[in-house]
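The chain contents come next:
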Amino acid sequence: MIFGSISYLNLLPFQVYLKKYLNSTQQKQMLKWHKGVPASINKKLKKAKVNSAFISIVYAKNFSCVDLGIVANGAVFSVFVIPNQKESLEFDTSSASSNILAKILGLKGEVIIGDRALKYYLEGGAGIDLSFEWKKRFNLPFVFARLCYNKKGKKIKKLIKNFKARSWKIPYYILKKEAKERGITPKELKWYLQFINYEINYKEKKSIKIFQKKAKRFLKEIK
């Protein structure tokens, strides 16, 4: 099975889980990884270069998906619009859903996402947190991505069952390594991950429905 993985810290708990779940060498060899930014992973799933991936929620309706995603119920600290002097919105080319979200919210400035945005915030940068703005507007969590697939659905569903059943502790040596690569501390990384949820339930599905309905008018702008 070929799995597309967003190369951001918000998926670190799931990546750690997979390494523990696939406890035999044979199992690990059966799973191949393709890592990339959201915009890249979206295209790989569409072209069937990967079998399953967390893809931007704006495109999730085009695939079969499970109730697992990247969710924030309020501020997320890694998706911002940075106000500037321009009277327009400058997209982050690595993103899809966040660009559309900024358009829906009627914001102007520069969209910045992922680990770069988190580091920007931790270094004292100011901006408009898009997840926080969505929560204020609709009183709902925002779903940035959803785990979808184009084949091997039974295996995917089995794979996520144990992940949803318990919380997974990230070993300190992994926290240290991943934090160092991004120029932050392990303590900052642990702090950030507390704002990320993964289960998609009633409120999350309601939020997805609202977002996808409002997103239709802007889809051509991100293609």
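Residues numbered from 1 in each chain as written. Predicted model: local features only at pLDDT ≥ 70, side-chain atom pairs only at ≥ 80, totals over all residues. Heavy atoms only, no water.

Student: Which parts of the structure should I look at to understand the overall build of the protein?
Tutor: Scanning the protein for helices and strands turns up 10 helices and 10 strands. Expected size for 223 residues packed as a compact globule is a radius of gyration near 17 Å; at 17 Å, the protein falls within 12% of this value. Its C-alpha atoms put the protein at 55 × 40 × 30 Å along the principal axes. Taking all 223 residues of the protein together, 52% fall into the buried category. Taking the contacts inside the protein whose residues are at least 6 apart along the sequence as the reference set, 79% of them involve residues at least 24 apart. When the accessible surface of the protein is split by element, carbon and sulfur atoms take 50% of a total near 11,800 Å². Distance between charge centres in the protein, computed from 46 positive and 15 negative side chains, equals 11 Å. (Helix = DSSP H or I, 4+ residues; strand = E, 2+ residues; numbered from the N terminus. Rg over C-alpha atoms; globule rule 2.2 N^0.38 Å. Buried < 20%, exposed > 50% of the residue type's maximum accessible area, 1.4 Å probe, protein only. Contact = heavy atoms within 4.5 Å. Areas by Shrake-Rupley, 256 points an atom, 1.4 Å probe, with all protein chains shown as cover. Lys, Arg positive; Asp, Glu negative; His and termini not counted. Charge placed at Lys NZ, Arg CZ, Asp CG, Glu CD.)

Student: Is there a simple way to explain the packing of aromatic side chains in this structure?
Tutor: What describes a pair of aromatic rings is the distance from one ring centre to the other and the angle between the planes of the rings. The tally for this structure, following the rule as stated, stands at 19 aromatic pairs. With a centroid separation of 6.4 Å and 65° between ring planes, the pair formed by F80 and Y120 is classed as edge-to-face. Of the two residues, F80 is situated in strand β5 (residues 79-82) and Y120 in helix α5 (residues 114-122); the sequence distance between them amounts to 40 residues. Its relative accessible area of 3% is what places F80 among the buried residues. Ring centres of W191 and F195 lie 5.0 Å apart, and the angle between their planes is 70°; on these two criteria the pair is classed as edge-to-face. Relative accessible area serves as the criterion here: at 27%, W191 is assigned to the partly exposed category. (Phe/Tyr/Trp six-rings, centres within 6.5 Å; stacked < 30°, edge-to-face > 60°.)

Student: Where do I start with the pairing of strand β3 (residues 52-56) in this structure?
Tutor: The side chains of a regular strand alternate between the sheet's two faces. Judged by how many residues are buried, β3 sits mostly within the fold: 5 of 5 residues are covered. Looking at chain direction, strand β1 (residues 2-6) and β3 are connected through 2 bridges and run parallel. Residue pairing across strands places G4 opposite A53, the latter belonging to β3. As defined by bridge partners, β3 adjoins strand β9 (residues 142-149) across 5 bridges and the pair is classed as antiparallel. Of the residues in β9, the one forming a bridge with S56 is A145. (Pairing = 2+ DSSP bridges.)

Student: Please explain helix α9 (residues 186-193) as it appears in this structure.
Tutor: Every α-helical turn comprises 3.6 residues, leaving residues that sit three or four positions apart pointing alike. For α9, the full list of buried residues reads P186, L189, Y192 and L193. For α9, the buried positions fall inside an angular range of 120° around the axis, keeping them on one side. Next to the buried residues of α9 lie α1 (12-21), α5 and α8 (172-182). (Arc of directions from axis to C-beta.)

Student: Would you take a moment to explain the sheet that holds strand β6 (residues 89-90) for this structure?
Tutor: Strands pair in a sheet through their backbones, by hydrogen bonds, and they do so in one of two ways: parallel or antiparallel. If you trace the 4 strands from one edge of the open sheet to the other, you get β6-β7-β5-β8, paired in mixed fashion. Among the strands making up the open sheet, the edge pair consists of β6 and β8 (128-129). Alignment of β6 against strand β7 (residues 109-113), held across 2 bridges, turns out to be parallel. Across the sheet, the residue bridging to E90 is E110, located in β7. Strands β5, β6 and β7 of the sheet are contacted by helix α4 (residues 97-104), whose axis makes an angle of about 145° with β7. (Axes fitted to C-alpha atoms, helices over the stretch in contact; angles between N-to-C directions.)

Student: For this particular structure, what's the right way to read the environment of A102?
Tutor: Among the secondary structure elements, A102 is positioned in helix α4. With a relative accessible area of 0%, A102 lands in the buried category. Expressed as a C-alpha distance, the spacing of A102 and D129, which sit 27 residues apart in the sequence, is 9.8 Å. Once you skip the residues sitting within four places of it in the chain, A102 turns out to touch V81, L89, L107, V111 and L130.

Student: Where do I start with the state of the cysteines in this structure?
Tutor: Note: disulfide means a covalent bond formed between the sulfur atoms of two cysteine side chains. Using the criterion set out here, one finds 1 disulfide in the structure. Two residues share a disulfide in this structure: C65 and C148, whose sulfurs sit 2.1 Å from each other. What sets the handedness of the C65 and C148 disulfide is the S-S torsion sign, and at about 85° it is right-handed. Linking C65 in strand β4 (residues 64-72) with C148 in strand β9, this pair joins segments that are 83 residues apart in sequence. Given the relative accessible area of 22%, C65 is considered partly exposed. (Disulfide = S-S within 2.5 Å.)

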